[in-house]
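# Examining the three-dimensional arrangement
The lines below spell out each chain.
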Amino acid sequence: MLYAIIGEDMPASLEQRLVSRPAHLARLAELDATGRLVLGGPFPAIDSPDPGPAGFSGSLIVAEFDSLAAAQDWADADPYCAAGVYARVTVRPFRQVFPRS
């Protein structure tokens, strides 16, 4: 089943985000390599694809996991959590309607 993982950034966490980004992306690459990643990316803090020093307000990942518990465990182990980037992470079941798969 698909799950949406929504991470909400702590204020002023851009530096921690940039430092831990390579490890965060490596985990996403593993999901992608196994065909389980549907999409992932950050929410710019301002209306711009490159927010510069304004940074980001969080991230969205939609991926396939065996269960809600497995998705939550994966999210809890994210390097952004360990680095203090995320203030909160929400994991919810997700049903993809579009685009049709």
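Here, every reference points to the structure presented above.
Residues numbered from 1 in each chain as written. Predicted model: local features only at pLDDT ≥ 70, side-chain atom pairs only at ≥ 80, totals over all residues. Heavy atoms only, no water.

Turning next to the packing of aromatic side chains. In total, this model carries three aromatic pairs according to the counting rule given. Each ring, one from Tyr-80 and one from Tyr-86, has its centre 5.5 Å from the other, and the planes form 85°; the classification is edge-to-face. Judged by its relative accessible area of 1%, Tyr-80 is buried. Over the aromatic face of Trp-74 sits the side chain of Arg-27, whose NZ or CZ is 4.0 Å from the ring centroid. (Phe/Tyr/Trp six-rings, centres within 6.5 Å; stacked < 30°, edge-to-face > 60°. Buried < 20%, exposed > 50% of the residue type's maximum accessible area, 1.4 Å probe, protein only. Lys NZ or Arg CZ within 6 Å of the ring centre and 35° of its normal.)

Residue position: Val-85 is located in the loop between helix H3 (79-82) and strand E4 (86-94). The class for Val-85 is buried, based on a relative accessible area of 0%. Between the C-alpha atoms of Val-85 and Gly-55, which are 30 residues apart in sequence, the distance is 11 Å. Not counting residues up to four positions away in its chain, the partners in contact with Val-85 are Glu-8, Asp-9, Met-10, Ser-13, Gln-16, Arg-17, Ser-20 and Tyr-80. (Helix = DSSP H or I, 4+ residues; strand = E, 2+ residues; numbered from the N terminus. Contact = heavy atoms within 4.5 Å.)

Tallied over the entire structure, the rule returns three salt bridges. Glu-8 is paired through a salt bridge with Arg-88; the nearest N and O atoms lie 2.9 Å apart. Of the two residues, Glu-8 is situated in strand E1 (residues 2-9) and Arg-88 in strand E4; the sequence distance between them amounts to 80 residues. Residue classification places Glu-8 among the partly exposed residues on the basis of a relative accessible area of 29%. Two residues, Arg-27 and Asp-78, come together in a salt bridge whose shortest N-O distance is 3.6 Å. One end of the pair, Arg-27, is in helix H1 (residues 14-33); the other, Asp-78, is in the loop between helix H2 (68-76) and H3, and 51 residues separate them in sequence. Each member of the pair, Arg-27 as well as Asp-78, is classed as buried. (Salt bridge = Lys/Arg side-chain N within 4 Å of Asp/Glu carboxyl O.)

The values are spatial; any link to function lies outside them.
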